Amino acid sequence: RGFLFSPSFRPFHVEPTNIVSVNDDTQRVTDEASAMNKRIHYYSRLTSPADRALIAPDHVLPAPDEIYVYSPLGTAFKVDSCTDGYGKNSSLVTIFMIWNTMMGTSILSIPWGIKQAGFTSGIILILLMGILTLYCCYRVVKSRQMIPLTDTSNWEFPDVCKYYFGSFGQWSSLLFSMVSLVGAMVVYWVLMSNFLFNTGKFIYNFVHDINVTDIVPGTNGSNKVICPSAASGHAPQNRSVMFSSGNRTGFELFEEWWDKSHTVPFYLIAVLLPLLNLKSPSFFAKFNVLGTVSVVYLVFLVTVKAAHLGIHLEFNWFTENEFFVPEFKILFPQLTGVLTLAFFIHNCVITLLQNNRNQENNVRDLSIAYFLVGLTYLYVGVIIFASFPSPPLSKECIEQNFLDNFPSDDIMSFVARIFLLFQMMTVYPLLGYLARVQLLRQFFGNAYPSLVHVLILNLAIVGAGVAMARFYPNIGGIIRYSGATCGLAFVFVYPSLIYMISLHRAGQLTWPALIIHIFIILFGLANLIAQFLL
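No experiment lies behind these values; they were computed from the predicted model shown. (Residues numbered from 1 in each chain as written. Predicted model: local features only at pLDDT ≥ 70, side-chain atom pairs only at ≥ 80, totals over all residues. Heavy atoms only, no water.)

Asker: How should I be thinking about the overall build of the protein in this particular structure?
Answerer: Scanning the protein from N- to C-terminus turns up 15 helices and 7 strands. In the protein, buried positions account for 58% of the 534 residues. Looking at the protein alone, contacts between residues at least 24 apart form 79% of all its contacts between residues at least 6 apart. Of the roughly 22,100 Å² that the protein leaves accessible, carbon and sulfur atoms contribute 66%. (Helix = DSSP H or I, 4+ residues; strand = E, 2+ residues; numbered from the N terminus. Buried < 20%, exposed > 50% of the residue type's maximum accessible area, 1.4 Å probe, protein only. Contact = heavy atoms within 4.5 Å. Areas by Shrake-Rupley, 256 points an atom, 1.4 Å probe, with all protein chains shown as cover.)

What follows is the structure, given as structure tokens:
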């Protein structure tokens, strides 16, 4: 789940059980301090008492200008002097925090998803899925308010699920949270292997003055675009031809030991496995703002590439053309699976919005944030798809990670891969920490029962990432499977069921509301089933 993460705390000495304001005439300070103290106690439940990464003593309050918002499927955001002095954020900050938290690795697969769905239907699906997930997100926000208890201010959505569904809600929310976490970690491992491979290849060729041409179809000129999937029916590894100076024996040896799927995924183990075993990875949260930089740079890269490549769309329905762009394709559920994860913020949206200064603006701010996220996905997806040079290449060449359509010696793509590689290597230990906290605390009552327990869990997670990078390095497939799975629970089923149950208990459930929310549940189920059929 997402959470507020504050690695540094400002001392504010008060009695542990009776928080009082510094100025007795300012009741607002008392209320805000009390609410903050409740949130501290809530997040303290996420870790063991010996682990100080997410907890603070009763006499310490987090500094309102040093708060991190983190989502396993997005990035982290630090608010620097953006609050009103009482730990509350303006609407502008809240909107940006939601946008920043939601933007994740899914953005790399949006152009591929549009290719799978068809151009026109791809655009329509992005809009419709944005609206549907926004509505379900709104139901998540309202779910806590519909509970007839005096104090639910420190509750998150999994707590709401436990209230309505008992132990089943508790354990099922844990299961789907683990699916989202482990799925994100697997995607990260595949992408890190990809970025590390291309970065190492670029550096080796540059240092040794080697001019290499990949044996894949591609365009000519300074803005080269390649089609890796056209080489022997699968993406190439290191197959290339050397044209200029350099030690050929050394070059061949490098290609043997620097392979995208056979060696590089194993090299990452030496760096990341020790970091996963740290008791507290709070240090890495300081670098997660790079996620914002990476997204902004990707938008810049897409814009520059499109300006050089131009628009290539062929919609002629009456003339046979191998470069015809279909407007609808039967594989459209693959895009809905990706979009379920792309718009996924439902497990931490309550935390994000409860710090909004004007709570009456929550719906408006959430809607604006979703609009900006959808606009970003649309811009990147449509621009990459439309500018992909067809002819001479086919739109079917668009890769599940659109950066793979640019050769390793492309300077702008090299910079993007460096940004993303470093950002993911700092986020990965935090994802592992969340997985450890949620799983081990449930079974052992301690997030760090022993080094052996932690090591076994981390080896299993790392092993899954290495296996996928080795045998199934398809991030689009991994994203749509994990997105449709965790989205079934957190996006479609639980928000709809909770809303219908609360209306029924209040005697306000109507047939239109019942039919609409049953349809949403069935859509989520069909979305999951379709991922395994197409």
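Asker: Sorry if this is basic, but what is going on with the environment of Thr340 here?
Answerer: Secondary-structure assignment places Thr340 in helix H9 (residues 333–342). For Thr340, a relative accessible area of 0% corresponds to the buried category. For Thr340 and Ser106, which are 234 residues apart along the polypeptide, the C-alpha to C-alpha distance reads 9.7 Å. Polar side-chain contacts of Thr340 include one of 3.1 Å to the side chain of Asn527. (Polar contact = N/O pair within 3.5 Å; in protein donor to acceptor, adjacent residues only side chain to side chain.)

Asker: Sorry, what's going on with the packing of helix H4 (residues 119–145) against helix H15 (residues 511–533) here?
Answerer: When two helices pack together, their arrangement is given by the angle between their axes and by how far apart the axes lie. One way to put it is that H4 packs onto H15 with a least axis distance of 13 Å and a crossing angle of 115 degrees. Judged by the twist between their axes, the crossing of H4 over H15 is left-handed. Packed against H4, whose contacting residues are Met129, Leu132, Tyr135, Cys136 and Arg139, the element H15 presents His517, Ile520 and Phe523 at the interface. The residue inventory of the contact of H4 with H15, partitioned by class, reads 6 nonpolar, 1 polar and 1 charged. (Axes fitted to C-alpha atoms, helices over the stretch in contact; angles between N-to-C directions. Left-handed = near helix turned anticlockwise from the far one by under 90°. Nonpolar A, V, L, I, M, F, W, Y, C, P; charged D, E, K, R; others polar.)

Asker: Just checking my understanding: could you explain the pattern of salt bridges for this structure?
Answerer: On inspection of all chains with the given rule, the structure shows 3 salt bridges. The residue Glu396 makes a salt bridge to Lys329 at a minimum N-O spacing of 3.1 Å. With a gap of 67 residues between them, Glu396 in the loop between helix H11 (362–387) and helix H12 (411–444) and Lys329 in the loop between helix H8 (290–309) and H9 connect regions that are remote in the sequence. (Salt bridge = Lys/Arg side-chain N within 4 Å of Asp/Glu carboxyl O.)

Asker: Before we go on, may I ask you to explain helix H3 (residues 110–117) in this structure?
Answerer: Note on helix geometry: an α-helix contains 3.6 residues per turn, so any two residues three or four positions apart are oriented the same way. Counting buried residues in H3 gives 8 out of 8 residues, a clear majority hidden from the surface. Looking at the buried positions of H3, the neighbouring elements they touch are H4, H9, H11 and helix H14 (475–505). Downstream of H3 by a residue or two, Gly118 has a phi angle that is positive, lying close to 100 degrees.

Asker: Can you help me understand the nonpolar core in this one?
Answerer: Soluble globular proteins: nonpolar side chains tend toward being buried together. Of all hydrophobic cores here, the largest spans 123 residues; its most connected members are Leu108, Phe402, Leu403 and Tyr428. With 18 residues, the single largest contributor to this core is helix H5 (residues 157–207). In this structure, Phe197, Tyr204, Phe251 and Phe254 belong to the second largest nonpolar core, which totals 7 residues. (Core = buried A, V, L, I, M, F, W, Y, C linked by side-chain atoms within 4.5 Å.)

Asker: Please explain the state of the cysteines as it appears in this structure.
Answerer: One covalent bond between the sulfur atoms of two cysteine residues makes up a disulfide. Applying the stated criterion across every chain, the model contains 1 disulfide. The structure places no disulfide on Cys137, whose sulfur is separated from the nearest cysteine sulfur, that of Cys348, by 8.4 Å. (Disulfide = S-S within 2.5 Å.)

Asker: Could you clarify how one ought to interpret unusual backbone geometry in this entry?
Answerer: Peptide bonds are mostly trans, and most non-glycine residues show a negative phi. A cis amide bond links Ser390 to the next residue, Pro391, at an omega of 0 degrees. Structurally, the position occupied by Pro391 is in the loop between H11 and H12. Here the residue pair Pro391 and Pro392 is connected by a cis peptide bond, since its omega of 10 degrees sits within 30 degrees of zero. Within the secondary structure layout, Pro392 lies in the loop between H11 and H12.

Asker: Is there a simple way to think about the packing of aromatic side chains in this case?
Answerer: Think of a pair of aromatic rings as described by two things: how far the centres are apart, and how the planes are tilted against each other in angle. This structure, assessed with the given rule, holds 21 aromatic pairs. With a centroid separation of 6.1 Å and an interplanar angle of 45 degrees, the aromatic rings of Tyr297 and Phe300 are classed as tilted. Of this pair, Tyr297 and Phe300 are both found in helix H8, 3 residues apart, which corresponds to roughly one turn of the helix. With a relative accessible area of 16%, Tyr297 lands in the buried category. The structure contains a cluster of three or more aromatic residues connected by ring pairs, namely Tyr163, Tyr164, Phe165 and Tyr494. (Phe/Tyr/Trp six-rings, centres within 6.5 Å; stacked < 30°, edge-to-face > 60°.)

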